[in-house]
Amino acid sequence: MRMRKKKHRDERLENCASYIIENIEEYKNDIKKVFENDKPLHIEIGCGKGKFIEELASLNPDINYIAVEKNLDVLVLAAEKASRANLSNLKFVAGDACIFDEFETKTKCERIYLNFSDPWKKSGQKKRRLTHERFLNVYKKLLVEKGEVHFKTDNTKLFEFSLNSFCDYGLKVKNITFDLHNSKFEGNIMTEYETRFAKEGKPIYRCEAVFN
């Protein structure tokens, strides 16, 4: 179901303008200039309403975060949440992973988060999955040596596809779990989707892929 346009959305986005990067292409050669400091940088692609990234940024003030979200009606909720929390280490970009296609940045990020990405279930849609080789090529340009992709999903087939994709690309895959909430993993921060799935008793799959 398509979300109805939020009332006064554009005005609300304007009120959060300091948290939104209007033209990310300006930073394609030096992404850390977004924050004008040399703190570690993490990126979440598909942040939804921002529960995960807002909590992460609150817990880690010495790390900068960029959150990407293509749905403006969802993005405005995330940006407002960050504004209320007065988070100076978090900014948002309207778009999807493709905004980084042309990046050749001299400064790099240390980590990329992919949480409950669209599984693109239809035949012929595999290239649109955010763990496909096409996107791994993009992440490689953004990440430092030994940089990591942290991936969570509730979709079994997407998880299996992603594990194979990571391995085929030559990445080291670690901390693999097929039932995150019943594992020994510590420090998990849940997204809105994850909270709902957990209440429904669905297993959550998680892993980390390390670039060489």
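Residues numbered from 1 in each chain as written. Predicted model: local features only at pLDDT ≥ 70, side-chain atom pairs only at ≥ 80, totals over all residues. Heavy atoms only, no water.

A.B. asks: Could you give me a rundown of the nonpolar core, with the residues and numbers involved?
C.D. replies: With 38 residues, the main nonpolar core has Ile43, Ile66, Phe100, Ile112 and Tyr139 as its most contacted residues. Of all elements in the fold, only strand S1 (41–45), strand S2 (64–69), strand S4 (109–115), helix H4 (133–142), strand S5 (143–153), helix H5 (156–168) and strand S7 (205–210) reach the threshold of two or more residues within this core. Phe100 has contacts with Ile24, Ile31, Ile43, Val68, Val138, Lys141 and Leu142, leaving out every residue within four places of it along the chain. The next biggest cluster of nonpolar side chains, apart from the first, holds 19 residues, and it includes Tyr19, Ala79, Ala82 and Leu87. (Core = buried A, V, L, I, M, F, W, Y, C linked by side-chain atoms within 4.5 Å. Buried < 20%, exposed > 50% of the residue type's maximum accessible area, 1.4 Å probe, protein only. Helix = DSSP H or I, 4+ residues; strand = E, 2+ residues; numbered from the N terminus. Contact = heavy atoms within 4.5 Å.)

A.B. asks: Describe H5, listing the residues and the values that go with them.
C.D. replies: Across its 13 residues, H5 extends 18 Å between first and last C-alpha, which sits within 8% of the 18 Å expected from 1.5 Å per residue. Residues of H5 that are buried include every one of Leu158, Phe159, Phe161, Ser162, Leu163, Ser165 and Phe166, and no others. The inward-facing, buried residues of H5 contact H4, S5, strand S6 (172–177) and S7. A distance of 3.2 Å separates the backbone nitrogen of Lys157 from a side-chain oxygen at the start of H5, and that oxygen is part of Asn155. Two residues or fewer after H5 comes Gly170, characterised by a positive phi angle close to 90°. (Expected span 1.5 Å × (residues − 1). Polar contact = N/O pair within 3.5 Å; in protein donor to acceptor, adjacent residues only side chain to side chain.)

A.B. asks: Can you tell me about a positive patch on the surface, naming the residues and giving the values?
C.D. replies: A cluster of like positive charges, contributed by Lys70, Lys127, Arg128 and Arg134, occupies part of the molecular surface. On the secondary structure map, Lys127 appears in the loop between S4 and H4. Lys127 gets classed as exposed once you look at its relative accessible area, which sits at 58%. (Patch = residues over 30% accessible without salt bridge, like charges linked within 9 Å, V, L, I, M, F, W, Y side chains within 5 Å. Areas by Shrake-Rupley, 256 points an atom, 1.4 Å probe, with all protein chains shown as cover. Salt bridge = Lys/Arg side-chain N within 4 Å of Asp/Glu carboxyl O. Lys, Arg positive; Asp, Glu negative; His and termini not counted. Charge placed at Lys NZ, Arg CZ, Asp CG, Glu CD.)

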